Amino acid sequence: MYTAHPDRYAEMPYRRTGRSGLKLPAISLGLWHNFGPDRPVETQRAILRRAFDLGVTHFDLANNYGPPPGAAESALGEALKADFAPYRDELVISTKAGYLMWPGPYGEWGSRKYLLSSLDRSLERMGLEYVDIFYSHRPDPETPLEETMGALHAAVQQGKALYVGVSNYSPEQTREAARILADLGTPLLIHQPRYSMLDRRPETSGLLDALDELETGSIAYSPLEQGLLTGRYLDGIPEDSRAASDSPFLNSDAVTGELVGTLRALNEIAESRGQSLAQMALAWVLREGRVTSALVGASSPGQLEDSVSAIGNLAFDADELARIDALVTR
């Protein structure tokens, strides 16, 4: 029987999400690639237990995470039942809907029918009565935003979600979503954008400015840029890496000689800070307090521990930031 570490809240910083009362850990755990039937169940459960022992109280999912789709939610459901039943009130569990989940015209995007049906299935897989955060995973170019936001509002009204968020929405779409939700009486809690030292779009597009104006929180996904910022690519492409497999999320063509040189230079800055490249990359995302939490994946408890250690040094001086900018924005 798992018993959580008594000092689990001693070191992890918790940040208020926008103007809400909800605080999230600086590092959150995403159950994207590593929680399907192709991974040992005991390893999955060990990652979740170690995360909670380190103060990582937020587990982030989506209906299509696995593989196959739904597998990650089912895996979490088994872990919740086996290990975390006494700790449900200490956890923030989020899920999303928006990408293809089942065949036919009602199996993806942002209709009321799809979103609410998907949430019901997600709750069944996880064995939960509610999730803490329910997201629209991507904007729907054909469904009126009023319908999509109305479905999120309905999830709250039905007691199936406590808060709502959006992911992959532009600044303009985010502002409009927040306006619609405010009129309905359900605030937009959080936005989940892709953001890293190598992907500055939330800055350059004005998304972070919009979130500041709206007093909406944010949680950055892919802060390690699909593993490029973990240090695995400092000598090129490892045979067992994601890039070597030509994953749809990272292919070998992206790992150029110029990029490897940039990664090595970034690693030198990290070493001067007493951090691994991955730890510095996470600290960079969290550096100004504009991002509420950084979302990491993990294939082992040790990998998770390395990521969480980033909280030991979240401060950057002006020279470090200038050197990083010179490398990645040239």
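Relevant structure appears above.
Residues numbered from 1 in each chain as written. Predicted model: local features only at pLDDT ≥ 70, side-chain atom pairs only at ≥ 80, totals over all residues. Heavy atoms only, no water.

1. Considering empty space enclosed by the protein
Here is step 1: Tallied over the entire structure, the rule returns one cavity of 30 Å³ or more.
Here is step 2: Of the pockets and cavities examined, the largest cavity occupies roughly 40 Å³.
Here is step 3: Lining of the largest cavity is provided by Tyr195, Leu208, Val285, Arg287, Glu288, Arg290 and Val291.
Here is step 4: When grouped by side-chain class, the residues that make up the lining of the largest cavity number four nonpolar, no polar and three charged. (1 Å grid on protein atoms, 1.4 Å probe; cavity = no way out; pocket = protein on both sides within 12 Å on 5 of 7 lines; lining within 4 Å. Points joined across faces, edges and corners; volume = space filled by probe spheres on them. Nonpolar A, V, L, I, M, F, W, Y, C, P; charged D, E, K, R; others polar.)

2. Points about the layout of surface pockets
Here is step 1: Of the voids in this model, the second largest pocket is the one considered here, and its volume is about 310 Å³.
Here is step 2: Surrounding the second largest pocket, 20 residues form its lining, Arg19, Thr186, Pro187, Leu188 and Leu189 being those nearest its centre.
Here is step 3: Mapped onto the lining of the second largest pocket, the elements with two or more residues apiece are α4 (145-157), β7 (161-167), α5 (171-184) and β8 (188-192). (Helix = DSSP H or I, 4+ residues; strand = E, 2+ residues; numbered from the N terminus.)

3. Looking at the sheet that holds strand β4 (residues 58-60)
Here is step 1: An order of β3-β4-β5-β6-β7-β8-β9-β10 is seen for the eight strands of this closed barrel, with the pairing classed as parallel. Pairwise comparison of adjacent strand axes, ignoring direction, gives a mean angle of 30 degrees for this sheet.
Here is step 2: Sheet topology places β7 next to β8; four bridges connect them, and they run parallel. Bridging from a neighbouring strand, Gly165 pairs with Ile190 of β8. (Pairing = 2+ DSSP bridges. Axes fitted to C-alpha atoms, helices over the stretch in contact; angles between N-to-C directions.)

4. Overview of the packing of aromatic side chains
Here is step 1: Considering all chains together, one arrives at nine aromatic pairs under this definition.
Here is step 2: Ring-pair connections join several aromatic residues into one group, and the members of that group are Tyr2, Phe52, Phe59, Phe84 and Tyr87.
Here is step 3: Across the ring face of Tyr135, the terminal group of Lys96 is positioned such that the distance to the ring centre comes to 5.6 Å.
Here is step 4: Taking NZ or CZ as reference, Arg287 lies 3.8 Å from the ring centre of Trp284, over its face. (Phe/Tyr/Trp six-rings, centres within 6.5 Å; stacked < 30°, edge-to-face > 60°. Lys NZ or Arg CZ within 6 Å of the ring centre and 35° of its normal.)

5. Considering the packing of α5 against helix α7 (residues 207-214)
Here is step 1: Orientation of α5 relative to α7, taken along the N-to-C sense of each, is 20 degrees, at an axis distance of 9 Å. Relative to α7, the element α5 is oriented roughly parallel. Along this stretch, α5 crosses α7, giving a crossing that reads as right-handed. Contact with α5, carried on its side by Pro171, Thr174, Arg175 and Ala178, involves Leu207, Ala210, Leu211, Glu213 and Leu214 of α7 and no other residues of that element.
Here is step 2: By residue class, the composition of the contact of α5 with α7 is six nonpolar, one polar and two charged. (Parallel < 35°, antiparallel > 145°, perpendicular 65-115°, else oblique. Left-handed = near helix turned anticlockwise from the far one by under 90°. Contact = heavy atoms within 4.5 Å.)

Read these as spatial facts, not as claims about activity.
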